[in-house]
Every structure is written in C-alpha cells, then in structure tokens.
Amino acid sequence: MCAQRTTPSTSTSKHGLILLGNSGVGKSFIGNVVLGRDVFEHECSSSSVTHETEFEDYTVGNSSYAVFNIPGLIEADQEAVDRNKIEIYKAFQQRPNSVIAFVFTGGSGGRIRDEDVIAFKAIHAAYNFQPDSLLLIVNDLPLNRSPKYEGATAIKLQGLVNIPNVRICFLDRITQTELRSDESKREKKHGLDKLEQKLAGAKGFLKQYSASIEKHAPGLGKMLQTIPQHTEREKMRQKLIEAIIQCTPHPHEKQAEIQLTVDELKNLTEES
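Residues numbered from 1 in each chain as written. Predicted model: local features only at pLDDT ≥ 70, side-chain atom pairs only at ≥ 80, totals over all residues. Heavy atoms only, no water.

The next subject is the overall build of the protein chain. A tally of regular secondary structure across the protein chain gives nine helices and seven strands. Buried residues in the protein chain amount to 44% of all 272 residues. Of the contacts formed within the protein chain by residues at least 6 apart in sequence, a portion of 75% connects residues at least 24 apart. Entry remark: accessible area of the protein chain is about 14800 Å², with carbon and sulfur atoms responsible for 52%. (Helix = DSSP H or I, 4+ residues; strand = E, 2+ residues; numbered from the N terminus. Buried < 20%, exposed > 50% of the residue type's maximum accessible area, 1.4 Å probe, protein only. Contact = heavy atoms within 4.5 Å. Areas by Shrake-Rupley, 256 points an atom, 1.4 Å probe, with all protein chains shown as cover.)

Attention now moves to helix 4 (residues 149–161). A rise of 1.5 Å per residue sets the reference length of helix 4, with its 13 residues, at 18 Å; its end C-alpha atoms lie 18 Å apart and thus fit the reference within 8%. For helix 4, the set of buried residues is Tyr-149, Thr-153, Ala-154, Leu-157 and Val-161. Down the axis of helix 4, the smallest arc covering the buried residues is 120°, so these residues share one side. Within helix 4, the exposed residues directed more than 90 degrees away from the buried face are Ile-155 and Gly-159. In this structure, the buried side of helix 4 is in contact with strand 4 (97–105), helix 3 (114–127), strand 5 (134–141) and strand 6 (167–172). Asn-162 sits one or two positions beyond helix 4 and adopts a positive phi of about 60°. (Expected span 1.5 Å × (residues − 1). Arc of directions from axis to C-beta.)

Another aspect to go through is the nonpolar core. If you look at the biggest cluster of nonpolar residues, it comprises 42 residues, and the most contacted ones within it are Leu-20, Leu-73, Phe-104, Phe-120, Ile-123, Phe-129 and Leu-136. Here this core gets eight residues from one element, more than from any other, and that element is helix 3. Leu-136 has contacts with Phe-102, Phe-104, Phe-120, Leu-157, Val-161, Val-166, Arg-167, Ile-168 and Cys-169, leaving out every residue within four places of it along the chain. Within the second largest apolar cluster, 28 residues are counted, among which are Ile-30, Phe-40, Met-236 and Cys-247. (Core = buried A, V, L, I, M, F, W, Y, C linked by side-chain atoms within 4.5 Å.)

Now for the pairing of strand 6. Regular strands have side chains that alternate between both faces of the sheet. With five bridges connecting them, strand 5 and strand 6 associate as parallel partners. Looking at the pairing, Ile-137 lines up with Cys-169 of strand 6. Where the polypeptide runs from strand 5 across helix 4 and back to strand 6, its parallel neighbour, the crossover connection is right-handed. (Pairing = 2+ DSSP bridges. Right-handed = clockwise from strand over helix to strand, strands pointing away.)

The next point concerns the packing of helix 1 (residues 27–35) against helix 8 (residues 232–244). Put simply, helix 1 and helix 8 touch, their axes get as near as 8 Å, and they point 85° apart. As far as their axial angle goes, helix 8 and helix 1 are roughly perpendicular. On helix 8, the residues that touch Phe-29, Ile-30, Asn-32, Val-33, Val-34 and Leu-35 of helix 1 are Arg-233, Met-236, Arg-237, Leu-240, Ile-241 and Ile-244. Here the residues of the contact of helix 1 with helix 8 sort into nine nonpolar, one polar and two charged. (Axes fitted to C-alpha atoms, helices over the stretch in contact; angles between N-to-C directions. Parallel < 35°, antiparallel > 145°, perpendicular 65-115°, else oblique. Nonpolar A, V, L, I, M, F, W, Y, C, P; charged D, E, K, R; others polar.)

With that settled, consider the pairing of strand 3 (residues 63–69). Burial analysis of strand 3 places six of its seven residues in the buried class, which makes it a mostly covered element. The sheet contact formed by strand 1 (residues 15–20) and strand 3 spans five bridges and is parallel. By the bridge assignment for strand 3, Ile-18 is matched with Phe-68. As defined by bridge partners, strand 2 (residues 54–60) adjoins strand 3 across seven bridges and the pair is classed as antiparallel. Residue Asp-57 lies in a different strand from strand 3, and its bridge partner there is Ala-66. Between strand 2 and strand 3, which follow one another and run antiparallel, lie two residues, and Gly-61 among them has a positive phi close to 65°.

This part takes up the state of the cysteines. As enumerated under the stated definition, the model contains zero disulfides in all. A disulfide-free cysteine, Cys-169 has its sulfur positioned 9.7 Å from the sulfur of Cys-247, the nearest such atom. Of the residues examined, Cys-247 reaches a relative accessible area of 5% and is grouped as buried. (Disulfide = S-S within 2.5 Å.)

With that settled, consider the packing of aromatic side chains. Inspection of every chain in the model, using the stated rule, returns eight aromatic pairs. Arranged with centres 5.8 Å apart and planes meeting at 55°, the rings of Phe-120 and Phe-129 form a pair that is tilted. Residue Phe-120 shares its accessibility class with Phe-129, and that shared class is buried. Through pairs of rings, three or more aromatic residues link up here, namely Phe-92, Phe-102, Phe-104, Phe-120, Tyr-127 and Phe-129. (Phe/Tyr/Trp six-rings, centres within 6.5 Å; stacked < 30°, edge-to-face > 60°.)

Let's shift gears to the side chain of Thr-105. Looking at where Thr-105 falls in the secondary structure, it is placed in strand 4. Given the relative accessible area of 10%, Thr-105 is considered buried. Within polar-contact distance, the side chain of Thr-105 engages the backbone nitrogen of Gly-107 at 3.1 Å. If we ignore the near neighbours within four places in the chain, the residues touching Thr-105 are Val-25, Arg-111, Arg-113, Asp-116, Asn-139 and Asp-140. (Polar contact = N/O pair within 3.5 Å; in protein donor to acceptor, adjacent residues only side chain to side chain.)

Structure, rendered in structure tokens:
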C-alpha cells in the first residue's frame, strides 16, 4: 500500500505528533493505530520502509494534530544517516509546536536496545525535549513478560535518557492477523465486524431482558457479558491516545545539528 501524504497547504492542524525512533521499531504501525486507518506503509523488512517525512491530520477532542511518520535516524551508511537527519529537521520545521513520541522496541525479550538510546540522545541534544511534551513508547513487548517488568524498565529508561518522571507507554506485541487491515484481509475483518455487531446486539438484548434470560438459561447472561468487544488494535489505540492527550505540545527549535556518524555510533554502542 502506498503512503498517503498530506501537504502543508491542505493541513489545518496547529500541533504535531512527531513519531521518532530507529527503523523497525514500529513507528509507521503506531501512526496508523493512532489515526485509526492504514495510511503509512509498514512491513517486515531487513531495511527501512519509510524514506521521507510524511504526515496525516488527526483530531482528538478539541485539538488537531499532524501525525508525523519519519525515517529512523540510524542506518548502516553515513549517507543514509545524513539523509534521515534532514527528514527529521523537516518535521520540526513544519510543526515546531509538537508532542514528541519516541519509540523504543522491546522485541528482544523486552531489552532496551543501545542504538535506540543513542538515537534518542542525539535528537534530544539537538532539540531539548520538554518532559511534559515527551512520551516514550516501548513497543512490541512479549505478553508473558514479568509483572515487575514495566516498573523496573521505567526506572531504567528514565536513567538512560536522563529525564526523571518522563511518561512511558508500554505496548504489547500484537498478533500477525492485526498488523494491518489491507485489501487481502478486509473481507475477513468485515465478517468480524458483523460478528461483533451481532454480539453487541446480543448484549443489548441481554441487558434488557436479563432477568428473563437468567431464569430460563442460568449462566448464559454472564457468559455473554465476558465477550470481548475490542480488537487488540483498538485497545492499543485507546491506550496510545490516553497517553498522548496527557502530553502538552511545546515549541521545539533546533539548538544544534544532530551529531551522529556511523563511526561515532560504533564507539557509543561499545560504551553502552
């Protein structure tokens, strides 16, 4: 699916939601989840999928945001790193007054990757993110993680980025069937939507005639009440939006160039 890009001339949003992070952490997918539709291209790939800055307008409550999808900073060659720096600059130039969401991957058993921390520090040094405009997202976490994981990781991550009390949103790994709702899956999704509508109707009927149903079929009412009403993707969207609206957009002006070279990356990774 080709990404649909909104041009500045047609955009009406005053604020930005700038999604940052390295290639492969799930920025495009998270952007699509927030928007509630597949706009940004994403796929499983050994190389980056997003090569240019793109955004779509999204309204939540009384605020309108331009949701930005930006190439990841770190690449294998210096030319690609320099090109990605330019794309990051573009987003801040178009929407300096923004909420910043930096995405870390937790796909390696929940471990925070050194390269994600290095990328965050390099961009933070250039723009000096304000804590109340910043959201850290740890994406693709295994469902069977320890109950202590989020608390311990929050403390560790705050120390790594050197920002106390920063907001952190932990996202579960989502199943393959919900990674995207492209053409090949819409028929199936349509069927699921119909099923959910029927279940919702059944629950409405149950609520209206609960006493009668329980009398003739004990336990049926309780069973229907436990039927899930939201998909994994919808639950993730609610969680993200709740986290985003707690942040306050702030103007971000470039105070320095993003300082990162491939050689420096190797040294910084060894130090980490």
